[in-house]
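# Breakdown of the fold
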Amino acid sequence: MRHESPAKWPYFALAGIGLAAIPLAVGTAAARKRREMRGEHDSAPGHTARRASFGDYHVVGRTVTIARPRAELFAFWRDFQNLPRFMANLDRIEPGGEPGHNTWHIRAPAGKVYAVDTRIAREVDGELIAWRSTEDSEIDTEGRVTFEDAPGDRGTRVGLIVAYKPKGGVIGDMIATLARRSPELQARHDLKRLKMLMEAGEIATSARTCADLPTEKEAR
Amino acid sequence: MRALTWQGTQKVSVETVPDPEIVNPRDAIIRVTATAICGSDLHLYDGVIPAMRPGDILGHEFMGEVVETGTDSTLQMGQRVVVPFTISCGGCFHCRITQFSACENSNPVEKQDMSEKLYGHPMAGIFGYSHMTGGYSGGQAEYVRVPFSDVGPIVVPDHLDDEKVLFLSDILPTGWMAAENAEIQPDDTVAVWGCGPVGLFAIQSAIAMGAARVIAIDHYPHRLELAKQLGAETINFRLTDVREALMEMSGGIGVDAVIDAVGMESHGFAVDNVIDIAKQKVGIGADRASALKQAILAVRFGGRVSVPGVYGGMTDKFPLGAVMEKGLQLRTGQTHVQRYMADLLAKIEGGEIDTTFLISHRLPLEEAADGYKCFKEAQDSWTKVVLKPGMAAGTA
Ligand SMILES: [Zn+2]
Ligand SMILES: [Zn+2]
C-alpha cells in the first residue's frame, strides 16, 4: 500500500507502507481487498517502492530466507542481547525499567553513539516483533521483524523493516551514506550476518589472522 | 610463511607474510604440499578480474596436511586433504541442494555488494580469487586458513600421491561438470573448444560418459596432441574453418553438444573479438567470447551448450537469436566441487581416471613468478604447473 498523503499516518511511520506496529490489519485479506479496490498497489512489499521516503520518514527493508525453524529464529531475536552479534552499528542493548523497554546504543558516523529508548509495540509469538522509539528518544525510529515459514523445507523468511527520521534531515542521511553506514546497506548486511550465524554457526571472514579481523565492527 | 602475492597487472612475487591462524571455530590450517597455477589465475595475472589488491595471495588449487583445527572442525591433525576452490558453508539453501558454488554464507558480508550489483546476486567465496569472491588468501603459499573445513576438504588415502589427487580441487570436477552439463547421450558427437586443463578433462569426462565422438578444437599442437591421446579427434582452428569442419564431420546435422572451455580470453580473429579486446584494455571489461559464439553457431538444433570457461563481465554481439531459433540449452556456472569430489576420488583410486598426464612442470614455490610467466607465454608446452612449497629452490 503506497499512500500519497503523509497526513494519513498520524503516529506510526510504518503505517504509510502498510507495516505499522498497531494497524496490523493491513496484512489481512480485508485490507488487501480495500487496497485492491483503490487500485493503487501492486504485490510488491512497500519498502521496494521507488520512493524511499514516506513523509519525514526514510524506510528501509530487507528479507532473507534462513534455513532454520521459525521458533528458533524468533527466540534468538527476542533475546535482544543477541542483536549486537549481527547488527554492526548496534553497540549494546540495555534493558529499560519497564518490561518491553530497552535502550539501544547505536553507533553513528564520527564515533558518536546515540541512545535510542524503545518499547516493544507489538509482539506475536513466533511471528512478529515491532518496536518504536519512545517520545524522548534521540532518534525517531521504529522497526519490525517478521518470521514466516518459507516454502518446502527452506526454513523461515525473516523480514526486517526500519523507518527512521534522519538526524539532521537530508544532510544527516547523506553523511551516513558517505560513511558507508547507510541504513539501507546496514539492514542488508545485518540480516546476512544473522543468516550466517544461524545457518553456519559463525560469521564468514577472509581475515587470515585474528589481527586482520575488522576491529570491533569497524570495517563492516 | 612464504606466499605468492599479486602486486599488479602481470606482476606477482613470492613474499614473506604472517602465517594464517584459526579465526573461526570451523577453520583448519593446512600445510600446503602441492598447489597448481590455474588458467583462471592468468585472468587475475592479466588484471581482467576486478577487485584485486596488492599483496593478495593467489591460488585456489591446493592440498596438504592438516596442522591445526578449530573447535568445530571435523578434520584431524596429520590428515592429508584436497581442498575445493569453492568455499561452502554446508547449511544454506544452495549448499543443501548441492549447489555448493552458490553458497550464500561463504563470502563475507562486506564483500558481497560488488557482485550483488554486477550479477544481481552475491558470489560465494573462492580462495585466492579477488575481493569480489571474498578476498580469501589462496593456496600458493606454505600454509592456508581453510574456513568451513568440516564441509570442503576431502581426506585422501596415503597411497595416492599428491599429483594423482591435486586436481580434485578444481579442474577435474570442473571438466566433469562441463561434460555432465552437456547431457551426453551414447551416440553423441561432442565438440570441445580449448584444450587447456579444463578442456582436456572435459574431453576425458565426455569419453568416460560414453560420447561416441569427441572433437577437440585448439591451435596449440601439443595440446591437440594430448587431446588425441585421450581419444579425441582434433581441429586446429588456425588451419581449418571450424564450423564448416564440424558440419562435415557430423554429416551435416551439427554436433549434439558443445563445450566452451576457453572463456573470456579466447583467441580469435572475428571483428567483434577485436572490439572486445580493445574494450578490455580500456577497462570496460567486455569479455571476449569468440569461442562461445562459434560453439553456438556449430551446435545442432536442440543441442546443448556447456560453458565451464570463465566469464566475468559482458560481451557484445552475443548470438541470442541462434540460441532461441535453434532451441538450445545453455548450462554453465562455477563448479560445485564438493558434489563431485568423492566419486572422482573413487575413480582415481580405481584407476579409471588418471590426471597426471597433464602436469608439464613442477616448481618450488619460490619460483612461482617464473611459473606464471611461462604458463602465460608458452601455453603449448606449459600445460600445467604444480608448485611444491617443500621442494628446494633450483631443483626444478
Ligand atoms: Zn582453477
Ligand atoms: Zn552454503
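Our subject is the structure listed above.
No experiment lies behind these values; they were computed from the predicted model shown. (Residues numbered from 1 in each chain as written. Chains lettered and ligands numbered in written order. Predicted model: local features only at pLDDT ≥ 70, side-chain atom pairs only at ≥ 80, totals over all residues. Heavy atoms only, no water.)

## Thoughts on the overall build of chain B
Just so we agree on the cut-off: Each helix corresponds to a stretch of at least 4 residues labelled H or I by DSSP, and each strand to a stretch of at least 2 residues labelled E; elements are numbered beginning at the N terminus. As defined in this context, the radius of gyration uses C-alpha atoms, and a globule is described by 2.2 Å times the residue total to the power 0.38. Exposed residues in this analysis have more than 50% of their type's maximum accessible area, buried residues have under 20%, and partly exposed residues fall in between, with area computed by a 1.4 Å probe over protein chains only. The contact criterion used is simple: two residues touch if any of their non-hydrogen atoms lie within 4.5 Å. Note that accessible areas follow from Shrake-Rupley with a 1.4 Å probe, and for residues the cover is restricted to the protein chains shown.
When helices and strands are counted, chain B shows 13 helices and 17 strands. Rg of the C-alpha trace for chain B: 20 Å, near the compact-globule value of 21 Å for 396 residues, within the 12% margin. Principal-axis analysis of the C-alpha atoms gives chain B an extent of 60 × 50 × 45 Å. A total of 396 residues make up chain B; the buried ones form 59% of that total. At a minimum sequence separation of 6, the contacts of chain B that also span at least 24 residues come to 72%. As displayed, chain B offers around 14,900 Å² of accessible surface, 53% of which is attributable to carbon and sulfur atoms.

## Things to note about the pattern of salt bridges
This is how it is decided: Think of a salt bridge as a Lys or Arg side-chain nitrogen and an Asp or Glu carboxyl oxygen that are within 4 Å of each other.
For the structure on display, the rule yields 28 salt bridges over all chains. Residue Arg 132 of chain A is joined to Glu 142 of chain A by a salt bridge in which the shortest nitrogen-to-oxygen separation is 2.9 Å. Of this pair, Arg 132 of chain A sits in strand S6 (residues 128-133) while Glu 142 of chain A sits in strand S7 (residues 141-149), and the two are 10 residues apart along the sequence. With relative accessibility at 5%, the residue Arg 132 of chain A sits in the buried group. What makes Glu 142 of chain A buried here is its relative accessible area of 1%. One continuous salt-bridge network, built from bridges that share partners, spans Arg 62 and Lys 192 of chain A together with Glu 116 of chain B.

## What about the side chain of Thr 174 of chain B?
What counts is decided by this rule: Here a polar contact is taken to be a pair of N or O atoms separated by no more than 3.5 Å, where protein atoms must pair a possible hydrogen donor with a possible acceptor and residues adjacent in sequence count only if both atoms sit in side chains.
Here Thr 174 of chain B shows up in helix H5 (residues 171-181). Looking at Thr 174 of chain B, its side chain comes within polar contact range of the side chain of Asp 170 of chain B, at 2.7 Å.

## Observations concerning the coordination of the zinc ion (ligand 1)
Residues and elements named next belong to chain B. Selection criterion: Sodium, potassium and calcium take a 3.2 Å donor cutoff, other metals 2.8 Å, and in both cases only N, O and S atoms count; water is not among them, so sites may look incomplete.
Looking at the metal site, the zinc ion (ligand 1) is ligated by Cys 38 (SG), His 60 (NE2), Glu 61 (OE) and Asp 170 (OD), spaced 1.8 to 2.2 Å from it. Of note, the donors binding the zinc ion (ligand 1) are all from one chain and are spaced C-x21-H-E-x108-D. With a gap of 132 residues between them, Cys 38 in the loop between strand S3 (28-37) and helix H1 (39-45) and Asp 170 in the loop between helix H4 (162-165) and H5 connect regions that are remote in the sequence.

## Details of the packing of H5 of chain B against helix H6 (residues 197-208) of chain B
Residue and element names in this part refer to chain B. Definition in use: Note on geometry: axes are lines fitted to C-alpha atoms, helical ones only across the stretch in contact, with angles between N-to-C directions running from 0 to 180 degrees. Angle categories are assigned with fixed cut-offs, so that under 35 degrees is roughly parallel, over 145 is roughly antiparallel, 65 to 115 is roughly perpendicular, and the rest are oblique. Take the far helix as the reference: if the near one is turned anticlockwise from it by less than a right angle, the crossing is left-handed, and if turned clockwise, right-handed. In this count, Pro and Cys sit with the nonpolar residues alongside Ala, Val, Leu, Ile, Met, Phe, Trp and Tyr, while Asp, Glu, Lys and Arg are called charged and the others, Gly among them, polar.
Direction vectors running N to C along H5 and H6 enclose 55°, while the axes themselves pass 7 Å from each other. Judged on the interaxial angle alone, H6 and H5 are oblique. The crossing of H5 and H6 is right-handed. Residues Ile 171, Leu 172, Thr 174, Gly 175, Trp 176, Ala 178 and Ala 179 of H5 form the contact with H6, whose own contacting residues are Pro 197, Val 198, Phe 201, Ala 202, Ser 205, Ala 206 and Ala 208. Of the residues that constitute the contact of H5 with H6, the class distribution is 11 nonpolar, 3 polar and no charged.

## Some thoughts on the coordination of the zinc ion (ligand 2)
Residue and element names in this part refer to chain B. Put simply, the rule is: In this scheme the shape depends on donor count and angles: four donors with every angle between 85 and 135 degrees give tetrahedral, four or six donors with opposite pairs above 155 degrees and others between 65 and 115 give square planar or octahedral in turn, and any other case is irregular.
The zinc ion (ligand 2) binds to the protein through Cys 89 (SG), Cys 92 (SG), Cys 95 (SG) and Cys 103 (SG), with metal-donor distances spanning 2.3 to 2.5 Å. Relative to the metal, the 4 donor atoms surrounding the zinc ion (ligand 2) lie at angles of 101 to 118°, and the coordination shape comes out tetrahedral. Between consecutive donor residues of the zinc ion (ligand 2), the sequence gaps follow C-x2-C-x2-C-x7-C. This pair shows no difference in class: Cys 95 is buried, exactly as Cys 103 is.

## Focus: the sheet that holds strand S11 (residues 213-218) of chain B
All names here are of chain B. Put simply, the rule reads: Each pair of strands is called paired provided DSSP finds at least two bridges between the two strands.
Judged by pairing direction, the sheet is parallel, and its 6 strands sit side by side in the order S12-S11-S10-S13-S14-S15 without closing on themselves. The open sheet has two edge strands with one neighbour each: strand S12 (233-236) and strand S15 (329-332). Strand-to-strand twist of the sheet, defined as the mean angle between neighbouring strand axes without regard to direction, takes the value 20°. Here 4 bridges tie strand S13 (residues 255-260) to strand S14 (residues 299-307), and the two strands are oriented parallel to one another.

## Concerning the packing of aromatic side chains
Residue and element names in this part refer to chain A. For clarity, the threshold we go by: Think of it this way: a Phe, Tyr or Trp ring, Trp meaning its six-membered ring, pairs with another when their centres are within 6.5 Å, and the plane angle makes it stacked under 30 degrees, edge-to-face over 60, tilted otherwise.
For the structure on display, the rule yields 12 aromatic pairs over all chains. Relative to Phe 147, the ring of Trp 77 has its centre 6.4 Å away and its plane inclined at 75°; by these criteria the two rings are edge-to-face. On the criterion of sequence distance, the pair formed by Trp 77 in helix H2 (residues 70-78) and Phe 147 in strand S7 is long-range, its members being 70 residues apart. You can call Trp 77 buried: its relative accessible area is 1%. Exposure remark for Phe 147: the relative accessible area of 3% places this residue in the buried category. Among the aromatic side chains, those forming a connected cluster through ring pairs are Phe 74, Phe 76, Trp 77, Phe 80, Phe 86, Trp 104, Trp 131 and Phe 147.

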